[in-house]
Amino acid sequence: MIEMAAVLGVAAVALGMVLTPGPNMMYLISRTVAQGRRAGLVSLGGVAAGFGVYLVAAAVGITAVFAVVPGLYLAVKLAGAAYLLWLAWQALRPGGVSVFAPAAMPADPTRRLFMMGFVTNLLNPKIAIMYMALIPQFVQPDHGQVWLQSLCLGAVQIAVALTVNGLIVLGAGSVTSFLIGRPLWLRAQRYLMGTMLGTIAVLVATDRARPTPA
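Cut-offs used in this document
- Here, residues in each chain are numbered from 1, in the same order as that chain's written sequence.
- The predicted nature of this model means local features are confined to residues of pLDDT at least 70 and side-chain atom pairs, given and counted, to a pLDDT of 80 or more, with totals for whole chains, interfaces and linings taken over all residues.
- Each side-chain value is worked out from all heavy atoms of the structure, with water and hydrogens disregarded.
- Orientation is described by lines fitted to C-alpha atoms, with helices fitted over the stretch in contact, and by angles between N-to-C directions that extend from 0 to 180 degrees.
- Secondary structure elements are taken from DSSP: a helix is a run of H or I of four residues or more, a strand is a run of E of two residues or more, and numbering for both begins at the N terminus.
- Working definition: roughly parallel below 35 degrees, roughly antiparallel above 145 degrees, roughly perpendicular at 65 to 115 degrees, and oblique for all remaining angles.
- Should the near helix be turned anticlockwise from the far one by less than a right angle, the crossing is left-handed, and should it be turned clockwise, the crossing is right-handed.
- Here, two residues are considered to be in contact whenever any of their heavy atoms come within 4.5 Å of each other.
- When residue character is reported, Ala, Val, Leu, Ile, Met, Phe, Trp, Tyr, Cys and Pro are called nonpolar, Asp, Glu, Lys and Arg charged, and the others, Gly included, polar.
- Only rings of Phe, Tyr and Trp enter the pairing, Trp through its six-membered ring, and a pair is recorded when the two centres are within 6.5 Å. The plane angle decides the type: under 30 degrees is stacked, over 60 is edge-to-face, the rest tilted.
- Side-chain atoms within 4.5 Å are what join buried Ala, Val, Leu, Ile, Met, Phe, Trp, Tyr and Cys residues into a set we call a nonpolar core.
- We call a residue buried when its accessible area falls under 20% of the maximum for its residue type, exposed when it is over 50%, and partly exposed in between, using a 1.4 Å probe and counting protein chains only.
- UniProt positions are given in the numbering used here, feature names are shortened, and annotations may be inferred rather than shown by experiment.
- Within this document, salt bridges are pairs made up of a side-chain nitrogen of Lys or Arg and a carboxyl oxygen of Asp or Glu, the two lying within 4 Å of each other.
- A residue's pLDDT is the predictor's confidence in that residue, given on a scale from 0 to 100.
- Under the rule applied, a polar contact is a pair of N or O atoms within 3.5 Å (in protein, one hydrogen donor and one hydrogen acceptor; residues adjacent in sequence only if both atoms are side-chain atoms).
- Excluding any residue in a salt bridge, patches collect residues exceeding 30% relative accessible area, merging like charges within 9 Å and nonpolar Val, Leu, Ile, Met, Phe, Trp and Tyr side chains within 5 Å.
- The Shrake-Rupley method, run with a 1.4 Å probe, gives the accessible areas here. Residue values count only the displayed protein chains as cover.

### With respect to the packing of helix H2 (residues 23–35) against helix H3 (residues 37–59)
So, point 1. At a minimum axis separation of 7 Å, H2 and H3 run at an interaxial angle of 155 degrees. Put simply, H2 runs roughly antiparallel to H3. Crossing angle aside, the handedness with which H2 passes H3 is right-handed. Across from Asn24, Tyr27, Leu28, Arg31, Thr32 and Gln35 in H2, the residues of H3 making contact are Arg37, Ala39, Gly40, Ser43, Leu44, Val47 and Phe51.
So, point 2. Across the contact of H2 with H3, the residue classes tally to six nonpolar, five polar and two charged.

### Here we look at the packing of aromatic side chains
So, point 1. Taken as a whole and judged by the stated rule, the model has one aromatic pair.
So, point 2. Seen in terms of ring centroids, Tyr54 and Tyr131 are 5.8 Å apart; in terms of plane orientation they differ by 20 degrees. Their pairing is stacked. Of this pair, Tyr54 sits in helix H3 while Tyr131 is found in helix H7 (residues 125–134), placing the two residues 77 residues apart along the sequence.

### Section: the nonpolar core
So, point 1. One finds Leu84, Met130, Tyr131 and Leu197 to be the most contacted residues of the largest nonpolar core, which totals 46 residues.
So, point 2. Mapped onto this core, the elements with two or more residues apiece are helix H1 (4–19), H2, H3, helix H5 (70–92), H7, helix H8 (146–180) and helix H9 (183–206).
So, point 3. With nine residues, H8 is the single largest residue contributor to this core.
So, point 4. When residues no more than four places from it in sequence are discounted, the contact partners of Met130 are Val10, Val13, Ala14, Met17, Ile135, Pro136 and Gln157.

### What to know about the UniProt feature "transmembrane region" (unreviewed entry) in the protein chain
So, point 1. Sites flagged by UniProt as "transmembrane region" (unreviewed entry) map to residues 6–29, 41–66, 72–92, 113–134 and 146–179.
So, point 2. Taken end to end, residues 6–29 is 88% helix and 0% strand, and its first and last C-alpha atoms sit 31 Å apart.
So, point 3. The straight-line gap between the two end C-alpha atoms of residues 113–134 is 29 Å; of that span, 91% is helix and 0% is strand.

### Regarding the pattern of salt bridges
Where side chains of opposite charge bring their charged atoms close, a pairing between them can arise.
So, point 1. Across all of its chains, the model carries two salt bridges by this definition.
So, point 2. One salt bridge in this structure joins Asp108 and Arg112, with 3.5 Å as the shortest N-O distance.
So, point 3. Owing to a relative accessible area of 13%, Asp108 belongs among the buried residues under this scheme.
So, point 4. We classify Arg112 as partly exposed; its relative accessible area is 44%.
So, point 5. Connected through salt bridges with shared partners, the residues Arg31, Asp108 and Arg112 form a single ionic network.

### Digging into the environment of Arg111
So, point 1. As for its position among the elements, Arg111 is in helix H6 (residues 110–122).
So, point 2. Residue classification places Arg111 among the exposed residues on the basis of a relative accessible area of 73%.
So, point 3. Along the primary structure Arg111 and Ser43 are separated by 68 residues, whereas in three dimensions their C-alpha atoms are 9.2 Å apart.

### Comments concerning the confidence of the model for the protein chain
So, point 1. With 81% of its residues at a pLDDT of at least 70, the protein chain reaches an overall mean of 79.
So, point 2. In the model of the protein chain, helix H4 (residues 62–68) stands out as the element of lowest mean pLDDT, 63, in contrast to H6, which has the highest, 92.

### With respect to the side chain of Asn24
So, point 1. Note on placement: Asn24 falls in helix H2.
So, point 2. The exposure class of Asn24 is buried, given its relative accessible area of 6%.
So, point 3. Reaching out from Asn24, the side chain makes a polar contact with the side chain of Asn121 at a distance of 2.8 Å.

### Quick word on a nonpolar patch on the surface
So, point 1. A cluster of nonpolar residues, Phe114, Met115, Val119 and Leu123, forms a patch on the protein surface that exposes about 340 Å² of accessible area.
So, point 2. Along the chain, the position of Leu123 falls in the loop between H6 and H7.
So, point 3. A relative accessible area of 55% places Leu123 in the exposed class.

Laid out in structure tokens, this is it:
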């Protein structure tokens, strides 16, 4: 029903997106560094639940709404780009702190960790763009039920994203230990992440891809 080319295409796009800085990566790293791997994994569970919401929305045809009302899609896209620009400024501004730098943060309970991961992912413009404009391009109506194709391709994206994010959580502590005694590396990491976030914000704002009706 789904061609291997579509599966590999979604997997490649998902891998590229999850490896670039964004709200999910920043939240998972900062929470893991501040509260430990368990907190990071609980937060990742919330991120997974957020993916589930997008997956269901794609399956029921939410992209068709944005295809019919392009102004709404444009508003969502620009809001997401603005959010990424704000994150970039937080990293690049004078006195900014690297996400790998240990910080005194209150130890949030399990429920709050999960909900913050959930909300962070729901507000992640990269994921919104993924499900609204990119995955629909790999769905072929003449190859079977559109909703089932959307579910399968969305599952591929989720598997890739959770695998990579899980590795990030497990490795955040080791990376922090390496960087903590190297302030120049921490500064370089902060500038690199801020620059990448700003670049992604510009690409999101200027991207001409549009949701396509099923």
